[in-house]
Amino acid sequence: MSTRDGDANRVFHVVELTKTYHMGEVEVHALRGVSLDVGPGELVVLLGPSGSGKSTLLNILGGLDVPSSGKVFYGPEELTAADESALTRYRRKHVGFVFQFYNLIPSLTARENVALVTEISDAPMEPDEALAVVGLGDRLDHFPAQLSGGQQQRVAIARAIAKRPSVLLCDEPTGALDSTTGIVVLEALERVNRELGTTTMVITHNADIAGMADRTIWLSDGHISRDEVNPAKRAPSELRW
Ligand SMILES: Nc1ncnc2c1ncn2[C@@H]1O[C@H](COP(=O)(O)OP(=O)(O)OP(=O)(O)O)[C@@H](O)[C@H]1O
Ligand SMILES: [Mg+2]
């Protein structure tokens, strides 16, 4: 990857990012010029109405999608200058993803679901250790169907962090959960961020969740409309919705 313009002290450096989807005759402007920097260990919450471009931005940062224009640096490396195989290496080595639906393999236990990832990583955690971080040290041999929704999501988080990614990107991780269960999942994310120092970005529709963030970014119609440091960060257990 080329290394122009980057700064190793930043995790992400994003410059004038645009993304236009072409749907036949129609152009959808998902991102219309987004610039931001994300620092090491930051916990960022991304808010904004449906269709404002949150998932598009996260997918580009994670190397799952490419922008129409603009630049993205991961540390000193320009992702937007990387070829397909370099982007795949970036994703495998550095990025953990957590989505709304857990995508666990039903025929594998919690430990085996996590082990799938650790088998293809360089210096992974033991599956048992990753599951302990998310508070599931006593559910190692349970199958997904034997776990609650919140527990399944925590297995998905364990799977995402077991390869020790620098960045954890979460797209509506509590979207399918009630508030009590959602808070337990957020506690797992907060612990990963605090104990492992993983830079974490969380998309949510729930503005209350911004209370646990270091910083909140609001997207609106493909733009960043607000970007604010949280003056009084709160523990997930103190959040109510
Ligand atoms: N693969 C795609 N093809 C065409 N249009 C797309 C595609 N992905 C997203 N879009 C469009 O881009 C815009 C931004 O979508 P995006 O998924 O980023 O929004 P979002 O903020 O994540 O919304 P939500 O909160 O509903 O998940 C929307 O208008 C959406 O319809
Ligand atoms: Mg989305």
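Read on for a plain summary of the structure. (Residues numbered from 1 in each chain as written. Chains lettered and ligands numbered in written order. Predicted model: local features only at pLDDT ≥ 70, side-chain atom pairs only at ≥ 80, totals over all residues. Heavy atoms only, no water.)

Considerations on the sheet that holds strand β5 (residues 77-78)
Strand order in the open sheet made by the four strands is β2-β1-β4-β5, with antiparallel pairing throughout. Each having just a single partner strand, β2 (26-38) and β5 make up the two edges of the open sheet. Pairing geometry for strand β1 (residues 12-23) and β2, over 10 bridges, is antiparallel. Residue pairing across strands places T20 opposite H29, the latter belonging to β2. (Pairing = 2+ DSSP bridges. Helix = DSSP H or I, 4+ residues; strand = E, 2+ residues; numbered from the N terminus.)

Some points on unusual backbone geometry
Despite not being glycine, E16 has its phi angle at roughly 50°, a positive value. If you trace the backbone, E16 turns up in strand β1. Backbone geometry places N103, a non-glycine residue, at a positive phi of 55°. Residue class for N103 comes out exposed when judged on its relative accessible area of 54%. (Buried < 20%, exposed > 50% of the residue type's maximum accessible area, 1.4 Å probe, protein only.)

Description of the sheet that holds strand β10 (residues 223-229)
Strand order in the open sheet formed by six strands is β6-β7-β8-β3-β9-β10, and the pairing between neighbours is mixed. Unpaired on one side and paired on the other, β6 (95-99) and β10 mark the two borders of the sheet. Sheet twist, expressed as the mean angle between neighbouring strand axes with direction ignored, is 15°. Across six bridges, the pairing between strand β9 (residues 215-220) and β10 is antiparallel. Bridge pairing in β10 links I217 to D227. Relative to the sheet, helix α2 (residues 84-94) contacts β6 and β7 (167-171), its axis offset from that of β6 by approximately 75°. Where helix α5 (residues 149-161) meets the sheet, it contacts β6 and β7, and its direction lies at approximately 165° from that of β6. (Axes fitted to C-alpha atoms, helices over the stretch in contact; angles between N-to-C directions. Contact = heavy atoms within 4.5 Å.)

Considerations on the packing of aromatic side chains
Tallying each qualifying case throughout the model produces three aromatic pairs. Here F97 and F99 contribute two aromatic rings whose centre-to-centre distance is 5.8 Å and whose plane-to-plane angle is 5°, an arrangement assigned as stacked. F99 gets classed as partly exposed once you look at its relative accessible area, which sits at 33%. Members of the aromatic cluster, each reached through a chain of ring pairs, are F12, Y74 and Y90. In this structure, R226 is placed above the aromatic ring of W218, and the distance from its NZ or CZ to the ring centre is 3.7 Å. (Phe/Tyr/Trp six-rings, centres within 6.5 Å; stacked < 30°, edge-to-face > 60°. Lys NZ or Arg CZ within 6 Å of the ring centre and 35° of its normal.)

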